[in-house]
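Residue-level structure breakdown
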Amino acid sequence: MEFMIYHNPRCSKSRATLQVLEDNGINPQVFHYLKTPPDHQQLDSILRGLDKEPRELLRKNGPEYPELDIDNPSLGRDHLIEIMIAHPCLIERPIVLAGDRIVIGRPPESVLELLN
């Protein structure tokens, strides 16, 4: 099974999640999503795999969140996905995919469920 991680090397949780995978013999394909964000279809697929709506995968503590008026209830799913693609720093991280299974590495040990 191929493992992939949407990774931010500056994030301690992302680094720790990658380390958990490597410590368990997994060498995932690493996507530096800040440089190359997922496209609309990929992000929509990730959200569906996580059974989450875009607002549930948004980081609310950065300056972009209030600046972009993301709390505006009139913003629909597709619009929020486009905002996440345009501002990938808003995407919660890390995201790990293993086949059709997806988890967020918070806490990093949560990726261990993908190994079973």
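Every residue gets a number counted from 1 within its own chain, in the order that chain's sequence is written. Where local features are concerned, this predicted model is filtered to residues with pLDDT of at least 70; where side-chain atom pairs are given and counted, the filter is 80 or more; whole-chain, interface and lining totals use all residues. Values shown for side chains rest on all heavy atoms present in the structure; no hydrogens or waters enter the calculation.

Remarks on the overall build of the chain
A run of H or I in DSSP counts as a helix once it spans at least four residues, and a run of E counts as a strand once it spans at least two, with each numbered from the N terminus. Helix and strand content of the chain: 4 helices and 4 strands. Secondary structure elements in the chain, listed N-terminal to C-terminal, are β-α-β-α-α-α-β-β. Between the two quantities, the radius of gyration covers C-alpha atoms and the globule rule is 2.2 Å times the number of residues to the power 0.38. Relative to the compact-globule value of 13 Å for 116 residues, the chain shows a C-alpha radius of gyration of 14 Å, a close match. Each of the three principal axes of the chain carries a C-alpha extent, and together these read 45 × 25 × 20 Å. For each residue, the accessible area found with a 1.4 Å probe, counting protein chains only, is set against the maximum for its type, and the residue is called buried under 20%, exposed over 50%, and partly exposed in between. Within the span of the chain, comprising 116 residues, buried residues form 45% of the whole. In the chain, of all internal contacts separated by at least 6 residues, the share reaching a separation of at least 24 is 62%. Under the convention used here, a 1.4 Å probe and the Shrake-Rupley method define accessible areas, while residue burial counts only the protein chains that appear. Taken as a whole, the chain presents about 6,500 Å² of accessible surface, with 48% of it coming from carbon and sulfur. Separation of charge centres in the chain, based on 13 positive and 18 negative side chains, amounts to 5 Å. In this description, contact between two residues means that some pair of their heavy atoms is separated by no more than 4.5 Å. We count Lys and Arg on the positive side and Asp and Glu on the negative side, and we leave His and both chain ends out. Charged groups are reduced to one reference atom each: NZ for lysine, CZ for arginine, CG for aspartic acid, CD for glutamic acid.

Topic: the pattern of salt bridges
Note on definitions: salt bridges are taken to be side-chain nitrogens of Lys or Arg within 4 Å of carboxyl oxygens of Asp or Glu. On inspection of all chains with the given rule, the structure shows 4 salt bridges. The salt bridge partner of glutamate 92 is arginine 106, with a shortest N-O separation of 2.7 Å. Of the two residues, glutamate 92 sits in the loop between helix H4 (77-86) and strand E3 (95-98) while arginine 106 sits in the segment after strand E4 (101-104), which places them 14 residues apart along the sequence. Ionic contacts of the salt-bridge type, sharing partners, join the residues Asp44, Arg48, Glu53 and Arg77 into one network.

A look at the pairing of E4
Two faces, one strand: in a regular strand the side chains alternate between the faces of the sheet. Pairing between strands is defined by DSSP: at least two bridges between them are needed. As paired strands, E3 and E4 are joined by 4 bridges and run antiparallel to one another. Paired with alanine 98 across the strands is arginine 101, a residue of E4. The loop that links E3 with its antiparallel partner E4 comprises 2 residues; one of these, glycine 99, has a positive phi angle of about 65°.

This is a description of form; function is not addressed.
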